[in-house]
Amino acid sequence: MSDSKLLKKIQDYFCMVNGIYLSCLTKKDGVMTEVCQCNDKWKSMLTFIGEEKYEKLILRLSDCRVENLIDEPLDKDYIRLYGLIVRVDNTHDIYWIIAAVIDEQMSNDERNLLPDGIIITSEARLNRTIEFLETMTRQLLITKRDEDAANEALSLIRKSDEEIKKQFHMLEAINSVIKLLEMDGSFTDMAQKALESAVTTIKLTGAFIIRKNVDGMHLDVIVSYGRKPFDTISITEVPFFTGKPYIISSDSVMPEKFRLFMEKQAMRAAIFQPVNIDNRTQMYVCFFDEKDDRSWEKYDVKFLNDTKRVIQSILTKKITTNSLAGSYASLEAILENSGCGIYVADMSKSEILYMNNYCKQLLSNIIEQNKLEKYIFSHTAESRSFTEVYVTEEDKWFDIHRTGIAWVDGRKVQLVTMYDITQKKRYQQRIENQANNDFLTGLYNRMRCEQDLAKFIDDSVKNDTRGAMIYIDLDDFKHINDGLGHQYGDVLLKAISHSLTQVKGIENHCYRMGGDEFIVIVTGSSVDRLESIINDIQQIFVRPWFLKGEDYYCTISAGVAFFPTDASTVEDVIRRADIALFNAKKEGKNRIEFYNEGIDGTSTKRLDLEKYMRKATMNECDEFTVYFQPIINVKGGGCLCRCRGSCQMEFSNHGLYKSG
């Protein structure tokens, strides 16, 4: 409820229409909206209420844990002061302060004492207003809660997607760098390609490799990509040529020697990595950026360290004349720190050549069950390079990428990377659940009902079968809501929903349409058991429901329509079942009626009459004529003792209707 201006606008209009005074508060934000109406009128009203009483009610609201409507007693019977608490899931709540002047509770003298402009209302109208205010506020809170949950889930999904994309981009880049191990060429050419990949992937200013000059007093840049800070520099000016790695972000606090070097070379962030041969530092690989906001992330550091490892492996390869073991050891060290599951398989020989430890953790259950080879070689042959796979044994979702590479010994193999996207998938399922399920009962909602019904109708038409829809309405549910409170009404709705899903044949086809209305769709072979299913539903309501320490009975009325015989569209099937439901209500409730064309005409006529009557009341009742028939007492001298009134309605399109 962050938009207090919109809330204030709705509140003022609500007060003007219903003749009350309102103010909205929350625990988190305090007063959300001031009392509507002008200040002078509210000050006059506050005089009648008493500021002490008003502040006392606010304290009672903040301390209340059970009640949802608090009545603050006042000295004057015709002044009412209430506190309304609306909560949803104990995470969102709103308090309303409601003040009203009750017309029928005032004497003429008290009415004359009211200041000019004070608005008044009736007892019945006030009760209806409070009930509607609670319903409207609850719906606003539910909408806000669902919006917050959806935004949170979407934010996490976007963050997860961005992280996966970044890691995958880096993995592709390091794969291209690893392929340099297979190439022939000079060390400087291959090292420059490795630096180019690093600079372009992470978007750095530049990178270079330095080594000691033969004089031992200077350092020379032998390879570079991007901006080259210098060609030769005195070893005394370089603080990092110590055999240790250094990571410096743009906001790092650094020693004075590093600060002077960085300023002179116009570097704001840098990573300096030693290249060791035979446990001696021969060179340094340096990556740097001149941007002010470069803060090295763990994936950046891993990627640049892997790039350094490849460069070191290239140098070792040249020194040891293409040592296969040295290349494999370097490659293994890189793949172990890649941040994702990786395995390499020879498809032609069904041989697993390599699997890093993280991949073993991801597939731990499969490994324990000795199903690893079966799993890998049943999926490795898939043609798609990108797939999302659910692995039942691990109860996890994986994003899998497959690519063909040449292994260190020259043979063609398949390299597979696996990212755990289970959390992302569960966020998606949570959003889908919020869109398709009723927040209170957990049943499918109206939108899902209409989607499923459309599919079932299409299937029945194509397969020349039929289905049935049962439209259920609880009889006199309002009495339980009003008598016990909405919280116990909600408890009853949850219990009924659970019982409906236990009926054989309709377990996954139960829907809450809103309020106390439910729909059950019967399809397939279950239609042959329709009579048994209806009987099972009725049996649910034979027993009492235990609410607030007592047993209460609740019955149902229901209407049944068949598709596609009674109707072949979603709207018509629901309408015909609703017509049958209305007929069940009209016949005395606690019964189930099947749709037929005979009741359709009666219901349509009733709906038309109701529609024309509503239009007439909005048109100053011009279509209504009232007649008074005198009743004469012939034994008492022919005097008029009383009269009988009757009302007739005459509409231009439908003629004359007489009252019964």
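Everything discussed here concerns the structure shown above.
First things first, this report covers the structure right here in the doc. On a predicted model such as this, the values are computed, not experimentally measured, just so you know.

Re the overall build of the chain
A count of helices and strands for the chain gives 19 helices and 26 strands. For the chain, with 660 residues in total, the buried portion stands at 43%. For the chain, the proportion of contacts with a sequence separation of at least 24, taken over those separated by at least 6, is 57%. Accessible surface, the chain as shown: approximately 35600 Å² in total, 49% of it carbon and sulfur.

Description of the pairing of strand β2 (residues 30–33)
Pairing geometry for strand β1 (residues 21–26) and β2, over 3 bridges, is antiparallel. Within the sheet, the bridge partner assigned to Cys24 lies in β2 and is Thr33. Remark: 3 residues form the turn of the hairpin made by β1 and β2, two consecutive strands paired antiparallel.

Quick look at the sheet that holds strand β15 (residues 396–406)
Backbone-to-backbone hydrogen bonds pair the strands of a sheet. The strands run either parallel or antiparallel. In spatial order, the strands read β13-β12-β16-β15-β14; together these 5 strands make up an open sheet with antiparallel pairing. Of all the strands in the sheet, the pair left with one neighbour each is β13 (351–355) and β14 (386–391). Across the sheet, the mean angle from the axis of one strand to that of its neighbour is 30°, orientation sign disregarded. Sheet topology places β14 next to β15; 6 bridges connect them, and they run antiparallel.

Describing the packing of helix α5 (residues 123–178) against helix α6 (residues 187–202)
Interaxial distance between α5 and α6 falls to 9 Å at its minimum, and their mutual angle equals 170°. When the axes of α5 and α6 are compared, the pair comes out roughly antiparallel. Between α5 and α6, the contacting residues are His169, Met170, Ala173, Ser176 and Val177 on the first element and Ala194, Ser197, Thr201 and Ile202 on the second.

Things to note about a nonpolar patch on the surface
Judged by side-chain polarity, Tyr13, Met16 and Val17 come together as a nonpolar surface patch covering roughly 340 Å² of accessible area. Counting through the fold element by element, Tyr13 comes out in helix α1 (residues 4–18).

Some points on the packing of aromatic side chains
Both the distance between ring centres and the angle between the ring planes are used here to describe each pair of aromatic rings. Per the stated rule, a full pass over the model turns up 13 aromatic pairs. Taking 5.6 Å as the distance between ring centres and 70° as the angle between the ring planes, the aromatic pair formed by Phe208 and Phe230 counts as edge-to-face. Separated by 22 residues along the polypeptide, Phe208 in strand β6 (residues 206–212) and Phe230 in the loop between β7 (218–226) and β8 (232–234) bring together distant segments of the chain. For the pair Phe208 and Phe230, one class covers both residues: buried. For the pair Tyr444 and Tyr511, a centre-to-centre distance of 5.8 Å together with 35° between the ring planes defines the contact as tilted. In this pair, Tyr444 sits in the loop between α13 (422–436) and α14 (446–463) while Tyr511 sits in strand β18 (residues 510–514), placing the two residues 67 residues apart along the sequence. For Tyr511, a relative accessible area of 0% translates into the label buried. We note Arg448 situated over the ring of Tyr444; from NZ or CZ to the ring centre the distance is 4.1 Å. Sitting over the face of the ring of Phe562, Arg466 holds its NZ or CZ atom 4.1 Å from the ring centroid.

Some thoughts on helix α18 (residues 570–586)
Its 17 residues give α18 an end-to-end C-alpha distance of 24 Å, which sits within 8% of 24 Å, the value for a rise of 1.5 Å per residue. Within α18, the full set of buried residues consists of Val570, Val573, Ile574, Arg576, Ala577, Ile579, Ala580, Leu581, Asn583 and Ala584. Remark: Gly588 follows α18 within two positions and exhibits a positive phi of approximately 120°.

Observations concerning α13
With 15 residues, α13 ought to run about 21 Å at 1.5 Å a step, and its terminal C-alpha atoms sit 21 Å apart, in line with that. Residues of α13 that are buried: Thr422, Lys424, Lys425, Tyr427 and Asn436. Close packing links the buried residues of α13 with α5, β14, β15, β16 (412–420) and α14.

Quick word on the nonpolar core
Leu195, Ile209, Phe287, Phe303 and Leu304 are the most contacted members of the largest nonpolar core, which has 47 residues in total. The biggest single contributor to this core is α6, with 8 residues. Those residues in contact with Phe287 that lie beyond four places of it in its chain are Leu195, Ala198, Leu204, Gly206, Ala207, Ala269, Ala270, Ile271, Trp296, Leu304 and Thr307. Ile480, Ile496, Cys510 and Phe541 belong to the second largest nonpolar core, which has 34 residues in total.

Focus: the pairing of β16
Among the 9 residues that make up β16, 7 are buried, leaving the element largely enclosed by the rest of the structure. Where strand β12 (residues 341–346) meets β16, 5 bridges bridge the pair, whose relative direction is antiparallel. Note that in β16 the partner of Ala345 across the bridge is Gln414. Strand direction decides the pairing type here: β15 and β16, joined by 9 bridges, are antiparallel. Residue Ala406 lies in a different strand from β16, and its bridge partner there is Lys412.

Concerning the layout of surface pockets
Over the atoms a probe the size of a water molecule is rolled, and this reveals where empty space is left. Put simply, the largest pocket is a space of about 1400 Å³. The wall of the largest pocket is formed by 44 residues, among which Arg138, Ile142, Phe439, Leu440 and Asp490 lie closest to the centre. Looking at the lining of the largest pocket, the elements with two or more residues in it are β4 (79–88), β5 (92–101), α5, α13, α15 (477–484), α16 (486–501) and β18. The leading source of residues in the lining of the largest pocket is α5, at 8 residues. Its residues assigned to classes, the lining of the largest pocket comprises 10 nonpolar, 15 polar and 19 charged.

As for unusual backbone geometry
With an omega dihedral of 5°, the bond running from Phe563 to Pro564 counts as a cis peptide bond. Take Pro564: it is sitting in the loop between β22 (556–563) and α18. One non-glycine residue, Asn370, lies in the positive phi region at around 55°. Mapped onto the fold, Asn370 is located in the loop between α11 (364–368) and α12 (372–379). Taking relative accessible area as the criterion, Asn370 reaches 69% and is therefore assigned exposed. Look at Lys548: it is not a glycine, yet its phi comes out positive at around 55°. Tracing the sequence through the fold places Lys548 in the loop between β20 (545–547) and β21 (550–552).

About the cut-offs
- Residues numbered from 1 in each chain as written.
- Predicted model: local features only at pLDDT ≥ 70, side-chain atom pairs only at ≥ 80, totals over all residues.
- Heavy atoms only, no water.
- Helix = DSSP H or I, 4+ residues; strand = E, 2+ residues; numbered from the N terminus.
- Buried < 20%, exposed > 50% of the residue type's maximum accessible area, 1.4 Å probe, protein only.
- Contact = heavy atoms within 4.5 Å.
- Areas by Shrake-Rupley, 256 points an atom, 1.4 Å probe, with all protein chains shown as cover.
- Pairing = 2+ DSSP bridges.
- Axes fitted to C-alpha atoms, helices over the stretch in contact; angles between N-to-C directions.
- Parallel < 35°, antiparallel > 145°, perpendicular 65-115°, else oblique.
- Patch = residues over 30% accessible without salt bridge, like charges linked within 9 Å, V, L, I, M, F, W, Y side chains within 5 Å.
- Salt bridge = Lys/Arg side-chain N within 4 Å of Asp/Glu carboxyl O.
- Phe/Tyr/Trp six-rings, centres within 6.5 Å; stacked < 30°, edge-to-face > 60°.
- Lys NZ or Arg CZ within 6 Å of the ring centre and 35° of its normal.
- Expected span 1.5 Å × (residues − 1).
- Core = buried A, V, L, I, M, F, W, Y, C linked by side-chain atoms within 4.5 Å.
- 1 Å grid on protein atoms, 1.4 Å probe; cavity = no way out; pocket = protein on both sides within 12 Å on 5 of 7 lines; lining within 4 Å.
- Points joined across faces, edges and corners; volume = space filled by probe spheres on them.
- Nonpolar A, V, L, I, M, F, W, Y, C, P; charged D, E, K, R; others polar.

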